[in-house]
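# Observations on the three-dimensional arrangement
Chain by chain, the residues:
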Amino acid sequence: MKTLIVYATKHGTSEECAKMLAQRLEGEVELVNIKNSAPPSLDGYEKIILGASIYAGNAQPEIKEFCRSNLEKLKEKPVGLFLSCMFDEESQIRAALENAFTPELVSHAAAACAFGGAFKMNRLNFFEKLIVKMVAKEYQKNGKLDGGYDGKTDISTVSDSKISEFAKIINAA
Ligand SMILES: Cc1cc2nc3c(=O)[nH]c(=O)nc-3n(C[C@H](O)[C@H](O)[C@H](O)COP(=O)(O)O)c2cc1C
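Residues numbered from 1 in each chain as written. Predicted model: local features only at pLDDT ≥ 70, side-chain atom pairs only at ≥ 80, totals over all residues.

## Observations regarding the overall build of the protein
This is how it is decided: Put simply, DSSP H or I for four residues or longer makes a helix, DSSP E for two residues or longer makes a strand, and each gets a number counted from the N terminus. For a compact globule the rule gives 2.2 Å times the number of residues to the power 0.38, and the radius of gyration it is set against comes from C-alpha atoms. Burial is judged by counting other C-beta atoms within 10 Å of a residue's own C-beta: 20 or more means buried, 12 or fewer means exposed, and anything between counts as partly exposed, with every C-beta placed from the backbone. In this description, any two residues whose backbone-derived C-beta atoms lie within 7 Å of each other are considered to be in contact.
The secondary structure content of the protein amounts to seven helices and seven strands. The C-alpha atoms of the protein give 16 Å as radius of gyration, which agrees with the globular expectation for 173 residues (16 Å, within 12%). Projected onto its principal axes, the C-alpha coordinates of the protein cover approximately 45 × 25 × 25 Å. Within the protein, buried positions represent 32% of all 173 residues. Sequence separation of at least 24 residues holds for 79% of the intrachain contacts in the protein that already meet a minimum separation of 6.

## Some points on the nonpolar core
Keep this limit in mind: Only buried residues count toward a nonpolar core: Ala, Val, Leu, Ile, Met, Phe, Trp, Tyr and Cys, linked into one set through C-beta atoms within 7 Å.
By size, the foremost hydrophobic cluster in this structure holds 38 residues, and its most contacted members are I5, L21, L50, I63, L81 and L83. Sequence-distant contacts of L81, that is, excluding residues within four places in its chain, are made with L50, L97, F101, L105, V106, A109 and A112.

## With respect to the site of the ligand
For clarity, the threshold we go by: Whether a residue is near a molecule or strand depends on its C-beta atom, generated from backbone atoms, being within 6 Å of that molecule or strand. Asp, Glu, Lys and Arg are counted as charged, while Ala, Val, Leu, Ile, Met, Phe, Trp, Tyr, Cys and Pro are counted as nonpolar; the rest, among them Gly, fall into the polar class. Delimitation of the domains relies on an automatic or database domain assignment.
Neighbouring the ligand are 22 residues; H11, S14, S53, C85 and G117 lie closest to it. Mapped onto the shell around the ligand, the elements with two or more residues apiece are helix 1 (13–24), strand 6 (118–119) and helix 6 (126–142). With three residues, the top contributor of residues to the shell around the ligand is helix 6. The residue inventory of the shell around the ligand, partitioned by class, reads 11 nonpolar, nine polar and two charged. Both domains that meet at the shell around the ligand, namely domain 1 (2–117 + 157–172) and domain 2 (121–156), each give it at least three residues.

## Description of the domain arrangement of the protein
What the domain assignment lists for the protein is domain 1 (2–117 + 157–172) and domain 2 (121–156). Distance from the C-alpha centre of domain 1 to the C-alpha centre of domain 2: 25 Å. Of the residues lining the interface, five residues belong to domain 1; the matching set on domain 2 comes to four residues. Within the side of domain 1 that touches domain 2, the residues separate by chemical class into one nonpolar, three polar and one charged.

Here it is as structure tokens:
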């Protein structure tokens, strides 16, 4: 039994999620960063996982394109879809999943969810830091983070238990 995980990442959090997931999956697992190498033919894999992160509401174009051009083949297999992002409302997550992977594939998927995201400040460029500080203010206003957030400290909302739950569903699929 072979599983392929194809993911896109900008600052490494989706990659960390993909690796955490790979450790929890049964059988052989192959990881492909779609920004560095073209994914292999899907024929040799029983299950396929796709992962991406969200910037200004959008997933990486490479993963969107991969999904759309392999849609029919993907729908023939058990599929898992994950996002690394800061959205925490179900409706926002669903919209982001459908935008990244197509509504059709989200409906087909055995598991589709957001694992949470991370702000690793030393990896962000000047403009990204500005945006994170603006987002931090919103978070403080909405009381979304315990104790508030200063916009300077690294933060991670990546959920170990969400990744384990996702792995359990894929192992049973
Ligand atoms: C400039 C910027 C814009 C972002 N925009 C969004 C967004 O629109 N929605 C969201 O849920 N998360 C957003 N995030 C959070 C990222 O999705 C999160 O940091 C994710 O873990 C990044 O994963 P990566 O390192 O694999 O690219 C944004 C982060 C940055 C730095």
